[in-house]
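Reading the structure
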Amino acid sequence: MTTTLYPPVTLYTESSPNPNSMKFVVNFPLTPEGLSFDYTDASEALLNGKNSPLVVALFGFDYVKRVFIASNFITVTKDDETEWEDVLIEVKQFIRAYFNEQRPVFAQQTIDSNTTKVEADSPTVQKIKAVLDQYIRPAVESDGGAISFHSFDDENGTVKVLLQGSCSGCPSSTLTLKAGIENLLTRLVPDVKQVEAEGV
């Protein structure tokens, strides 16, 4: 396990387009730059490469159905039966206490195994990733979600992306994908003909 020293914790919440998801934002980075982690149950948080004591603890609340961590925020998705007004303070106090106690977000092995991947991208893939990073990721993160490059098929021009966090299962994510992301990528990267979401 690694011990991370955090500054005094500032924590605030932001609602997201998905009514079941709430974004909990802190004043320090939780993941190495460009990395994000998505969990649909507590067992995923025990896997090599995704091990997270924080996520295991959050799934201790029986209404928590999904946890997503990226940049400086945690997106918690609850079940349909629970109202945020009934549990928001509880979750917020738990996260604040967790960081005040200097407890780790991830096991050290999780960080190590996710920061050593090096692969050479084609010029088209480099352009796609640049557009995602500069134009699309900030907007998606502001809504408590994340988007990452999955694959590019240069024969038919199809880009596949992973939508995570509040975007996963959000009613408006398909519209966002087609109206926003596909339009931008096809305009800025001529080789791209269409965009599809993987695993939504």
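That block above? That's the structure.
Residues numbered from 1 in each chain as written. Predicted model: local features only at pLDDT ≥ 70, side-chain atom pairs only at ≥ 80, totals over all residues. Heavy atoms only, no water.

Let us now look at the overall build of the protein chain. Within the protein chain, the secondary structure is distributed over five helices and eight strands. Taken across its 200 residues, the protein chain has 46% of its residues classed as buried. Of all intrachain contacts in the protein chain linking residues separated by at least 6 positions in sequence, the fraction that spans at least 24 positions is 62%. (Helix = DSSP H or I, 4+ residues; strand = E, 2+ residues; numbered from the N terminus. Buried < 20%, exposed > 50% of the residue type's maximum accessible area, 1.4 Å probe, protein only. Contact = heavy atoms within 4.5 Å.)

Where like charges cluster on the molecular surface, the negative patch consists of Asp153, Asp154, Glu155 and Asp191. Tracing the backbone shows aspartate 154 in the loop between β6 (145-153) and β7 (158-165). Taking relative accessible area as the criterion, aspartate 154 reaches 64% and is therefore assigned exposed. (Patch = residues over 30% accessible without salt bridge, like charges linked within 9 Å, V, L, I, M, F, W, Y side chains within 5 Å. Areas by Shrake-Rupley, 256 points an atom, 1.4 Å probe, with all protein chains shown as cover. Salt bridge = Lys/Arg side-chain N within 4 Å of Asp/Glu carboxyl O. Lys, Arg positive; Asp, Glu negative; His and termini not counted. Charge placed at Lys NZ, Arg CZ, Asp CG, Glu CD.)

On to the sheet that holds strand β1 (residues 11-15). Strand order in the open sheet formed by five strands is β1-β2-β5-β4-β3, with antiparallel pairing between adjacent strands. Strands with a single pairing partner mark the edges of an open sheet, and in this sheet they are β1 and β3 (36-39). With direction set aside, neighbouring strand axes in the sheet form an average angle of 20°. With six bridges joining them, strand β4 (residues 64-70) and strand β5 (residues 73-78) adopt antiparallel strand pairing. (Pairing = 2+ DSSP bridges. Axes fitted to C-alpha atoms, helices over the stretch in contact; angles between N-to-C directions.)

Moving on: the packing of aromatic side chains. Applying the stated rule across the entire model yields eight aromatic pairs. Taking the centre distance of 5.2 Å and the plane angle of 85° together, the rings of phenylalanine 28 and phenylalanine 99 count as edge-to-face. With a gap of 71 residues between them, phenylalanine 28 in the loop between β2 (21-26) and β3 and phenylalanine 99 in helix α2 (residues 84-100) connect regions that are remote in the sequence. One exposure class covers both phenylalanine 28 and phenylalanine 99, and it is buried. Put simply, the rings of Phe28, Phe61, Tyr63, Phe94, Tyr98 and Phe99 touch in pairs and so form one group of aromatic residues. Its guanidinium or amino end placed over the ring of phenylalanine 73, lysine 23 lies 4.6 Å from that ring's centre, counting from NZ or CZ. One residue, lysine 50, lies across the ring of tyrosine 39, its end atom 4.8 Å from the ring centre. (Phe/Tyr/Trp six-rings, centres within 6.5 Å; stacked < 30°, edge-to-face > 60°. Lys NZ or Arg CZ within 6 Å of the ring centre and 35° of its normal.)

The next point concerns helix α4 (residues 123-142). Here α4 contains 20 residues, and its C-alpha end-to-end distance of 28 Å stays within 8% of the 28 Å for a straight helix at 1.5 Å per residue. Largest kink in α4: about 50°, centred on isoleucine 136, with the proline proline 138 one to four residues after it. Within the span of α4, buried status applies to Thr124, Val125, Ile128, Val131, Leu132, Ile136, Arg137, Val140 and Glu141. (Expected span 1.5 Å × (residues − 1). Bend = angle between axes of the 7 residues up to and from the residue.)

Given a rise of 1.5 Å per residue, 17 residues ought to cover 24 Å, and the 23 Å separating the end C-alpha atoms of α2 matches this to within 8%. Every buried residue of α2 is listed here: Trp84, Val87, Val91, Ile95, Tyr98 and Phe99. Take α2 and look down its axis: the buried residues cluster within an arc of 100°, on one side only. The exposed residues of α2 that point more than 90 degrees off its buried face are Glu85, Asp86, Ile89 and Gln93. Buried residues belonging to α2 abut β1, β2, α1 (53-58) and β5. Trailing α2 by a residue or two, glutamine 102 shows a phi angle of about 60°, which is positive. (Arc of directions from axis to C-beta.)

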